[in-house]
Amino acid sequence: MPAWHSGLVKTNHFDAPVAANYDADSTGMFDPALIGATVDFLADLAGDGAALELGIGTGRIALPLSRRGVPVHGIDLSQDMVAQLQTKSGAEAIGVTVGDFAVTTVGRSFRLAYLVYNTIENLTTQDEQVACFCNVATHLEPGGCFVIEVEVPQIRRLPPGDTVRAFLATPTRVGFDELDVARQSGVSHHYFFGEGRAETFSMPYRYAWPAELDLMARIAGLHLRERWAGWRREPFTSDSAAHVSVWEKPAS
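Each chain carries its own residue numbering, running from 1 in the direction its sequence is written. The predicted nature of this model means local features are confined to residues of pLDDT at least 70 and side-chain atom pairs, given and counted, to a pLDDT of 80 or more, with totals for whole chains, interfaces and linings taken over all residues. Note that the side-chain values use all heavy atoms of the structure and ignore hydrogens as well as water.

### Thoughts on the overall build of the protein
The secondary structure listing takes helices from DSSP runs of H or I that are at least 4 residues long and strands from runs of E that are at least 2 residues long, numbered from the N terminus. Of the regular secondary structure elements, the protein holds six helices and 12 strands. Per-residue accessibility, obtained with a 1.4 Å probe over protein chains only, is compared with the maximum for each type, and a residue is labelled buried under 20%, exposed over 50%, and partly exposed between these values. In the protein, which comprises 252 residues, the proportion classed as buried is 50%. By the convention used here, residues are in contact when the closest approach between their heavy atoms is within 4.5 Å. Sequence separation of 24 or more characterises 62% of the internal contacts of the protein that already satisfy a separation of 6 or more.

### Here's the deal with the packing of aromatic side chains
Side-chain rings of Phe, Tyr and Trp (the six-membered ring for Trp) are treated as a pair once their centres are within 6.5 Å; stacked means planes under 30 degrees apart, edge-to-face means over 60, and tilted covers the remaining angles. Inspection of the entire model under this criterion finds five aromatic pairs. Taking 5.2 Å as the distance between ring centres and 80 degrees as the angle between the ring planes, the aromatic pair formed by Phe41 and Trp231 counts as edge-to-face. Here Phe41 is found in helix 2 (residues 32–46), whereas its partner Trp231 is found in the loop between strand 11 (223–228) and strand 12 (242–248), with 190 residues between them in sequence. In this structure, Phe41 and Trp231 share a single accessibility class: buried. On the numbers, 5.1 Å between centres and 80 degrees between planes, the contact of Phe133 with Phe146 is edge-to-face. Residue Phe133 is found in helix 5 (residues 126–139), and its partner Phe146 is found in strand 6 (residues 140–151); the two are separated by 13 residues along the sequence. Classification of Phe133 by relative accessible area gives buried; the value is 0%.

### Digging into the nonpolar core
Take the buried residues of types Ala, Val, Leu, Ile, Met, Phe, Trp, Tyr and Cys, join any two whose side-chain atoms come within 4.5 Å, and each joined set is a nonpolar core. Formed by 30 residues in total, the largest nonpolar core has its most connected members in Phe41, Leu42, Leu65, Leu112, Tyr114, Val147 and Trp231. Those elements giving two or more residues to this core turn out to be helix 2, helix 3 (62–67), helix 4 (79–85), strand 4 (95–98), strand 5 (110–115), strand 6 and strand 12. Ranked by residues supplied to this core, first place goes to helix 2 with eight residues. Ignoring any residue separated from it by four or fewer positions in sequence, one finds Leu42 in contact with Ile61, Leu65, Leu112, Tyr114, Val147 and Trp231. Listed in part, the 28 residues of the second largest apolar core include Ala50, Phe101, Leu123 and Trp247.

### What about the environment of Pro204?
Within the secondary structure, Pro204 is located in strand 10 (residues 197–206). On the basis of relative accessible area, Pro204 is assigned to the partly exposed category, the value being 30%. Counting along the chain gives 15 residues from Pro204 to His189, while the straight-line C-alpha distance between them is 8.9 Å.

### Examining the pairing of strand 9 (residues 185–194)
Strands pair, by our definition, only if DSSP identifies at least two bridges between them. The sheet contact formed by strand 8 (residues 173–180) and strand 9 spans eight bridges and is antiparallel. Bridge assignment links Glu178 to a residue of strand 9, and that residue is Val187. The antiparallel pairing of strand 8 with strand 9 creates a hairpin that spans four residues between the two strands, and Gln184 there sits at a positive phi of about 55 degrees.

### So, the packing of helix 5 against helix 6 (residues 210–219)
For any two helices packed against each other, the geometry comes down to the angle between their axes and how far apart the axes lie. Helix 6 packs onto helix 5 with a crossing angle of 50 degrees between their chain directions and a minimal axis gap of 8 Å. Classified by the interaxial angle, the pair formed by helix 5 and helix 6 is oblique. The way helix 5 lies across helix 6 gives a crossing that is right-handed. Contact residues: helix 5 offers Gln126, Gln129, Val130, Phe133 and Cys134, while helix 6 offers Glu212, Leu213, Met216, Ala217 and Ile219. A per-class count over the contact of helix 5 with helix 6 returns seven nonpolar, two polar and one charged. Think of each axis as a best-fit line through the C-alpha atoms, taken over the contacting stretch in the case of a helix, with angles from 0 to 180 degrees between the N-to-C directions. Each angle receives one of four descriptions, namely roughly parallel if under 35 degrees, roughly antiparallel if over 145, roughly perpendicular if within 65 to 115, and oblique otherwise. Crossings are sorted by hand: turned counterclockwise from the far helix by less than a right angle, the near helix makes the crossing left-handed, and turned clockwise it makes it right-handed. Residue type decides the class: Asp, Glu, Lys and Arg count as charged, Ala, Val, Leu, Ile, Met, Phe, Trp, Tyr, Cys and Pro as nonpolar, and the leftover types, Gly among them, as polar.

### Observations concerning the pairing of strand 4
Burial of the side chains of strand 4 extends over both faces: Gly95 and Thr97 are buried on one face and Val96 and Val98 on the other. Relative to strand 4, strand 3 (residues 72–76) is paired through four bridges, and the arrangement is parallel. Among the inter-strand pairings, Asp76 is bridged to a residue of strand 4, identified as Val98. A crossover gets the label right-handed when its path from the first strand over the helix to the second runs clockwise, viewed with the strands pointing away from the viewer. Taking the sense of rotation as the criterion, the β-α-β connection linking strand 3, helix 4 and strand 4 turns out right-handed.

### Observations concerning the state of the cysteines
Cysteine sulfur atoms that pair up within 2.5 Å are treated as a disulfide. In total, this model carries zero disulfides according to the counting rule given. Cys134 takes part in no disulfide bond, and the closest cysteine sulfur to it belongs to Cys132, at a distance of 9.2 Å.

### Some details on the side chain of His243
Looking at the element boundaries, His243 is found in strand 12. The class of His243 is buried, set by a relative accessible area of 0%. A 3.5 Å cut-off defines polar contacts: any pair of N or O atoms within that distance qualifies, except that in protein one atom must be a possible hydrogen donor and the other a possible acceptor, and neighbouring residues in sequence count only when both atoms are side-chain atoms. Of the polar contacts made by the side chain of His243, one reaches the side chain of Ser245; its length is 2.6 Å.

This is the structure:
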C-alpha cells in the first residue's frame, strides 16, 4: 500500500543514510527468537482484530505480525524508513501513514496499538508522551490494548556527578548515553566503524519510569492490565532493565 501523509512534522532523525543501514546496524533486534516472542505476544492480544504500530520503521515487527494474519497499519515520521519497508516482501499488505505518531490519526479503530524498542522515548517531552497515550486511546476499540516495550531508566548505574553511560562497545560500534537527570532526558550517541565506514548518529530522547507511564495511561482513560520484564512474560522486578507493559481501554 502507498504511504500517505498526515500533517507535518518534527525533526526526522531517521533520514536516508540511517534508514539505509538501519536493519544491518540493529542486528540484536533481528534475532529470530526475539522477533518470534514479540509477534506471539502481540498476535495473542490482537486476536482477530487489527493492529496499529507507532514508529513502524522498516517493518521489523509489522511484517511478521502481518504474516501471522493480523492486519497492520503503521505510522512513522520518516519517509525514508517507510521506503525501506516498502521494498520488502509482504509490505503491500501494510498501510502506512507518514506523520508524528503522538498526534497523527488514521481514521479507523484497532484492537491493538503498540510501540517497541524504546520508541516512546523518541517523543522528547512529557506533553508529547501524554499526547501519544491520548491519541492511542482514540484509536482503540473498547477492550483494546496498548503495548509499550521500553527500558527502565538505568540511573542507579550512573555514578554521582557523572553524565555519560556507555551501553555498547564492539570493534565495529560504540554507543553511549549523555544524560541530564534534572530534565529526565538524554542524547544517545552511536559510532560505526569498519569496511571503510566511519559514521556517527546522535538522537535525543526522554526517559520515563513505569509509574509515570501508568499515570499517562490513566490520563488517557486506560488502565494497566499487565507488566512483564520481556516478551516471554518474564516477571518484572526491581532489577529488570526493561518492561513490556499492557494498558487496556475499558470495554464500555
